[in-house]
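In case you want the letters, here they are:
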Amino acid sequence: MNLSLELLLQLTIILPLVATLAIWATGKHPNLREAITISISLVVLFCVVNLYQGLSAGASIEVFWWQLMPGLAMSFAVEPLGMLFALIASFLWLITTLYAIGYMRGHGEKNQTRFYLCFALAISAVMGLAFSANLFTLFIFYEVLTLSTYPLVTHAGTEKAKQGGRVYLGILLGTSIAFFLLAIVLTWFVAGTLDFKPGGVYSTDVDTSLLGAILVLFVFGIGKAAIMPFHRWLPAAMVAPTPVSALLHAVAVVKAGVFTILKICVFIFGIELLPTLPTTEFLLYLAAASVLLASIVAMRQDNLKARLAYSTVSQLGYITIGALLASSSGVIGSSMHIATHAFGKITLFFCAGAILVASHKSKVSEMRGLGFAMPVTMAAFFIASLSIIGVPPAGGTWSKWYLLMGTMETEHWVIMMVLMVSSLLNIAYLLPIPYHAFFSGKDQPVAKAGIKEAPLVSLIAISITTLGCLILFLYPQPLYELAKAILTVPGVSHGQ
């Protein structure tokens with residue numbers, strides 16, 4: 001069967017929508033419902049891998065759906081940055097589905113059909129967003145992603161979950177309508193187009209003060225990137241079940257945010273124009289402050305998921321910094337960090353969920369000695385922590401290396417120090433957890449409580465993502481080539 005690449009591109013967006021109908025229809029038959037979810041996630045992954053092979057072979061893959069008015073159309077195109085995001089999202093959708101089956105059943109969660117249905121809807125939005133050919137298309141799928149993940153955040157139905165959902169929806173919709181939409185409208189008036197173009201869309205005679213203001217609107221408007229002070233939705237969303245946290249923090253929402261910032265910096269502004277804008281430095285240092293402050297707040301959290309949430313706010317700042325540095329190493333580092341952080345952070349959330357299902361513990365202070373009862377889970381937590389910190393033998397090493405190279409290329413020494421201090425803070429809030437789990441002695445109450453590992457299907461998912469962290473260190477070349485290809489799209493300058 002020889003499917004055209006254009007058809008495969010459309011299937012990546014349409015198939016998860018088909019899955020929502022199938023999941024709804026088979027809601028009363030859990031085994032069938034979950035078999036459909038896994039089958040369609042496998043087919044979507046197959047489509048994305050084939051698109052990757054087509055892109056690598058030099059194919060131009062574009063799809064036009066409909067036109068609202070001249071120059072304003074819903075259309076899609078495959079380029080290296082979107083390809084990288086789609087590969088991560090489609091692969092981790094499959095793994096998160098495996099994990100969710102073990103977690104949702106092991107934890108006796110209600111409304112599982114709604115959970116899988118919204119999950120599939122969110123992945124459809126991610127695929128549409130990843131392959132958007134213009135800001136109009138991207139904005140539509142950006143908003144669909146916000147709305148489709150809201151029922152996942154409020155899944156528990158408690159007052160606390162509803163409050164978390166209100167904060168989540170309020171900040172994400174508020175920033176996107178007040179700032180992001182305004183930035184898109186201004187871009188339309190100033191540049192006359194919303195298409196993503198290598199090298200940017202603004203002409204050289206546009207006032208840099210106006211462009212600087214538009215950049216601020218974009219960065220603040222993309223609330224999903226969780227730059228302080230628009231980060232509170234992320235810890236608020238922690239009331240959701242762990243597979244949702246994994247989806248939000250590794251696969252869909254936050255990565256959609258930083259992907260959008262990176263895409264706008266490279267394909268709307270262009271990395272030659274960015275350093276000349278008066279607000280770029282301010283935003284760089286704001287992102288740096290976000291990195292440091294979130295790391296410090298993370299150290300003070302006893303709830304494991306809250307600690308990981310603030311860690312995510314900090315790590316997203318790294319990707320924003322790389323985009324705003326506007327250098328070749330910065331863009332490569334940011335792109336690679338989207339992937340390495342995805343595997344590291346999803347593993348940490350999987351481990352947090354496994355600990356909750358198996359031991360009903362959610363506080364870091366209660367996990368001493370847990371390594372004897374759950375050795376696989378805590379070993380995975382240790383390896384994923386190394387990836388977030390950015391040390392061998394985990395994949396985060398390479399992305400942080402290129403981000404540091406980016407700060408050196410542009411001579412941002414303060415930003416370089418921030419990244420290094422932040423990595424030390426990562427050590428302080430992550431490594432004590434596996435250390436105390438294994439080295440607090442077998443006489444700890446947790447070690448004697450007869451706790452066993454999480455369900456097998458969840459352990460398989462944890463093992464796959466942990467292996468991913470190691471493979472990205474040992475074999476980073478495909479990821480590096482894809483990140484580097486963003487800069488070699490015809491018309492993209494290599495910056496400084």
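In the nomenclature of an unreviewed UniProt entry, the protein is known as Monovalent cation/H+ antiporter subunit D family protein of Shewanella schlegeliana. UniProt annotates the protein under Sequence similarities (unreviewed entry) with the comment "Belongs to the CPA3 antiporters (TC 2.A.63) subunit D family."

## Some details on the overall build of the protein
Counting its regular elements, the protein contains 21 helices and two strands. For 496 residues, the compact-globule formula gives about 23 Å, and the C-alpha radius of gyration of the protein, at 21 Å, lands near that figure. Counting only C-alpha atoms and orienting by the principal axes, one finds that the protein spans roughly 70 × 55 × 45 Å. Of all 496 residues assigned to the protein, the portion counted as buried reaches 61%. Counting contacts in the protein only where the partners sit at least 6 residues apart, residues at least 24 apart contribute 81% of the total. Accessible surface computed for the protein: about 17,700 Å², of which carbon and sulfur atoms make up 67%. Taking the 25 positively charged and 19 negatively charged side chains of the protein as two groups, their mean positions are separated by 17 Å.

## A closer look at the pattern of salt bridges
Under the definition given, this model contains three salt bridges. With a closest N to O distance of 2.8 Å, Lys263 and Glu79 form a salt bridge. Note that Lys263 is positioned in helix α10 (residues 253–269) and Glu79 in the loop between β2 (72–77) and α3 (80–106), a separation of 184 residues in sequence. On the basis of relative accessible area, Lys263 is assigned to the buried category, the value being 2%. Taking relative accessible area as the criterion, Glu79 reaches 12% and is therefore assigned buried. With a shortest N-O distance of 3.3 Å, Arg166 and Glu159 are connected by a salt bridge. Here Arg166 falls in the partly exposed class, since its relative accessible area comes to 45%. Its relative accessible area of 54% is what places Glu159 among the exposed residues.

## Comments concerning the side chain of Lys305
Within the secondary structure, Lys305 sits in helix α12 (residues 304–325). Lys305 sits in the buried class, given a relative accessible area of 12%. Here Lys305 is in contact with Met238, Ala240, Pro241, Thr242, Ser245, Phe349 and Ala352, once residues within four sequence places are set aside.

## What to know about the environment of Gln163
Tracing the sequence through the fold places Gln163 in helix α6 (residues 159–191). Gln163 sits ten residues away from Val153 along the chain, and the two C-alpha atoms are 9.9 Å apart.

## Let's talk about the pairing of β2
Judged by how many residues are buried, β2 sits mostly within the fold: six of six residues are covered. Along β2, one buried face is formed by Leu72, Met74 and Phe76 and the opposite face, lined by Ala73, Ser75 and Ala77, is buried too. The sheet contact formed by strand β1 (residues 62–69) and β2 spans six bridges and is antiparallel. Across the sheet, Glu62 pairs through a bridge with Ala77, a residue of β2. Connecting β1 to the next strand, β2, in antiparallel fashion are two residues, including Gly71 with a positive phi near 85°.

## A look at the packing of aromatic side chains
Throughout the structure, instances matching the rule amount to 17 aromatic pairs. Ring centres 5.3 Å apart and planes at 10° place the aromatic pair Trp398 and Phe473 in the stacked group. Here Trp398, found in helix α16 (residues 396–409), pairs with Phe473, found in helix α20 (residues 456–474); they are 75 residues apart in sequence, far enough to count as distant. Feature note: the residues Phe139, Tyr142, Phe180, Tyr202, Phe218 and Phe269 constitute an aromatic cluster, connected by ring pairs. The aromatic ring of Phe196 is capped on one face by Lys263, whose charged end is 4.8 Å from the ring centroid. Over the face of the ring belonging to Phe267 we find Lys263, whose NZ or CZ atom lies 5.8 Å from the ring centre.

## Digging into the nonpolar core
Ranked by size, the top nonpolar core spans 180 residues in total, and within it Phe180, Phe218 and Phe269 carry the most contacts. In this structure Phe218 touches Leu135, Phe180, Ala183, Ile184, Thr187, Tyr202, Ile264 and Phe269, once residues within four positions along its chain are discounted.

## A look at the environment of Gly369
If you trace the backbone, Gly369 turns up in the loop between α13 (328–359) and α14 (370–373). Taking C-alpha positions, Gly369 is 9.1 Å from Tyr435, a pair spaced 66 residues apart along the chain.

## Some thoughts on unusual backbone geometry
Peptide bonds are trans in most cases, and residues, glycine excluded, mostly fall at negative phi. In this structure, Pro229 follows Met228 across a cis peptide bond, with omega equal to 10°. Structurally, Pro229 is set in the loop between α7 (208–221) and α8 (233–236). Look at the link from Pro392 to Pro393: it is a cis peptide, with omega at 0°. Along the chain, Pro393 turns up in the loop between α15 (375–389) and α16. Of note in the backbone geometry, Glu411 takes a positive phi value of approximately 60° without being a glycine. Structurally, the position occupied by Glu411 is in the loop between α16 and α17 (413–430).

Reading guide: rules and limits
- Residues numbered from 1 in each chain as written.
- Predicted model: local features only at pLDDT ≥ 70, side-chain atom pairs only at ≥ 80, totals over all residues.
- Heavy atoms only, no water.
- UniProt positions renumbered as here; feature names shortened; annotations may be inferred.
- Helix = DSSP H or I, 4+ residues; strand = E, 2+ residues; numbered from the N terminus.
- Rg over C-alpha atoms; globule rule 2.2 N^0.38 Å.
- Buried < 20%, exposed > 50% of the residue type's maximum accessible area, 1.4 Å probe, protein only.
- Contact = heavy atoms within 4.5 Å.
- Areas by Shrake-Rupley, 256 points an atom, 1.4 Å probe, with all protein chains shown as cover.
- Lys, Arg positive; Asp, Glu negative; His and termini not counted.
- Charge placed at Lys NZ, Arg CZ, Asp CG, Glu CD.
- Salt bridge = Lys/Arg side-chain N within 4 Å of Asp/Glu carboxyl O.
- Pairing = 2+ DSSP bridges.
- Phe/Tyr/Trp six-rings, centres within 6.5 Å; stacked < 30°, edge-to-face > 60°.
- Lys NZ or Arg CZ within 6 Å of the ring centre and 35° of its normal.
- Core = buried A, V, L, I, M, F, W, Y, C linked by side-chain atoms within 4.5 Å.

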